[in-house]
Structure formats: structure tokens, C-alpha cells
Amino acid sequence: MAKNVLAFIDFETTGLSPDNGDRLIEVGVVLLQAQQIVDRYQSFINPGIAVPGFVTQLTGISSSDVRSAPESSQVLQELHRFLGGVPLVAHNASFEQRFLDAEYSRVGLQRQQPLICTLRVARRVYPNAPNHKLGTLVNYASVPHSGRFHRALDDAEMTAGLWLRMRQRVIENFSLSSVSDEFMQQIQSVPINGGLASLVSRSAA
DNA sequence: TGCCAGGCCCTCTTTAGGGCCTT
């Protein structure tokens, strides 16, 4: 796998908790390299259970849409090959992490790479945003988007676009020439009030 | 029977509780 690649990943699921039996119904991934999307992966997944009505209302995905889709074991094997060891990025990454780890364990696979959370980065880069939902941030930061929310590939693309906007915001706010993915990753762990400025100062020293 | 997520973050905090965010 080429260096300096990030994989932006998003799941649609039957609910909020794999521990309560919720399963994946769609996965979307975009690979970002040199600030360009260089590859995409999308698949429906047959969850083996009914898609709840509120999920269909939210995502537009119904049980009939996923009934003929491949089983999760097949999709997870494909996804594992597609991702390789590329670092993952997701909005509210703990959600994707719990489902990915749970689904991987079902088929004897293990996640090798870290997850970076754009929600945590956004709370530090855009502390004054109305809220930090993906849809709100995409509009707040003027991220180009398809207008189709709560679909895996669209949300993954929006998350990548938000990442690029946040990078640009950091560059402009602190008059930097550039910032690395590693620097962006560090932002998620600094204190919300003043931590970003301290990180820039430490990096410049 | 009744309940049902979990991590991050803030504050009227730290011996806790509640809002946010994901589907």
C-alpha cells in the first residue's frame, strides 16, 4: 500500500450496538492520498435480520435492499483486503471501531490500524460550530457534498472533505505552510480549550 | 419484570451526572 494514505470509513447499521445484536447493512470507504480521493469501496451487506423501520427512514435502506446482498463474512474479507494497514478515519470513530472489531471477530480477522476521529478533531478546530454532527459540519465548513446523507459512501466522502477543510483551517489560523496527517491526528487528543495552539507551538519549537 | 451502547466532554466535577454523537 502506498504511503500517506488515509481510509475514510462509514457504516450504516441496524442500530447502535453490536453487543445488542445490531449488524452492518452498508459499508463505504474512500482512500485519500495527496488530498485527492484515489479509490472507493462500497457494498450493501445482508445482516441476516430485519432492517428496523427507523433505520429505513433515516438511510433509505430497507430489508429488501439488503436481502440479496452478500453476507457480512464475504464483505468483511473484501474490506480487510481493501483497507490493508491504512489508518482509518471516521466521524465518531468509536462507533465504527466497535462495529468493525465486532464484525471482524466474527470472521476471525483483526483490525491492524488505528482509528482517527473527525468528531474529536472538529470539536477542537471548530469549537464554535452550532453542533458537531457530520451534516452540520459539512455545511458549516462549506464542504462540497452530494446532498445524500446517511449513506455509507456519501458520508465517507463528506468525512474526507471535512478532513481537508479542517486541515486548511489549521493552516490558515496559524499561518502554517502545511500540516501533516500525523499532526491532524494529534489534534484529537489535545485539550479543547487552548490545546490546539499549544500543539502548534510545540511543533514549531 | 424491566431494561437495553459507549466513549468523549463539560460542569453546579473528580466519592457524579448528563449532553453529544454515531445507526
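As shown above, the structure is provided for reference.
All chains use their own residue numbering, which begins from 1 and follows the written sequence. Following the order in which they are written, the chains are lettered starting with A and the ligands numbered starting with 1. pLDDT decides what is reported in this predicted model: residues at 70 or higher carry local features, side-chain atom pairs at 80 or more are listed and counted, and totals for whole chains, interfaces and linings draw on all residues regardless. The side-chain values count all of the structure's non-hydrogen atoms but skip hydrogen atoms and water molecules.

What to know about helix 4 (residues 93-106)
Now for step 1: For helix 4, with 14 residues, the first-to-last C-alpha span of 20 Å sits near the 20 Å given by 1.5 Å per residue.
Now for step 2: Working definition: with a 1.4 Å probe on protein chains only, accessible area under 20% of the residue-type maximum means buried, over 50% means exposed, and in between means partly exposed. In this text, helices come from DSSP runs of H or I with a minimum length of four residues, and strands from runs of E with a minimum of two, each type numbered from the N-terminal end. Of the positions making up helix 4, those classed as buried are A93, F95, E96, F99, L100, E103 and Y104. Burial along helix 4 is one-sided: seen end-on, the buried residues are contained in an arc of 150 degrees.
Now for step 3: Where helix 4 is buried, its residues touch strand 1 (5-13), strand 2 (24-33), helix 3 (72-83), strand 4 (88-90) and strand 5 (115-117).
Now for step 4: Two residues or fewer after helix 4 comes G108, characterised by a positive phi angle close to 75 degrees. Take the residue count of a helix, subtract one, and multiply by 1.5 Å to get its expected span. The arc refers to the directions leading from the helix axis to the C-beta atoms. Residues count as neighbours in contact if any of their non-hydrogen atoms are within 4.5 Å of one another.

Quick word on the nonpolar core
A general tendency of soluble globular proteins is for nonpolar side chains to be buried together.
Now for step 1: Remark: nonpolar core denotes a set of buried residues (Ala, Val, Leu, Ile, Met, Phe, Trp, Tyr, Cys) joined through side-chain atoms within 4.5 Å. Ranked by size, the top nonpolar core spans 32 residues in total, and within it W163 and I187 carry the most contacts.
Now for step 2: Residue assignment for this core shows that the elements contributing at least two residues are strand 1, strand 2, helix 5 (118-125), helix 6 (134-140), helix 7 (152-173), helix 8 (181-187) and helix 9 (195-204).
Now for step 3: In terms of residue count, helix 7 provides more of this core than any other element does, eight residues in total.
Now for step 4: Dropping the residues within four chain positions of it, W163 is found in contact with L6, F8, L32, V89, I116, T118, V121, D181, M184 and Q185.
Now for step 5: Of all hydrophobic cores here, the second largest spans 27 residues; its members include V29, F82, L83 and F99.

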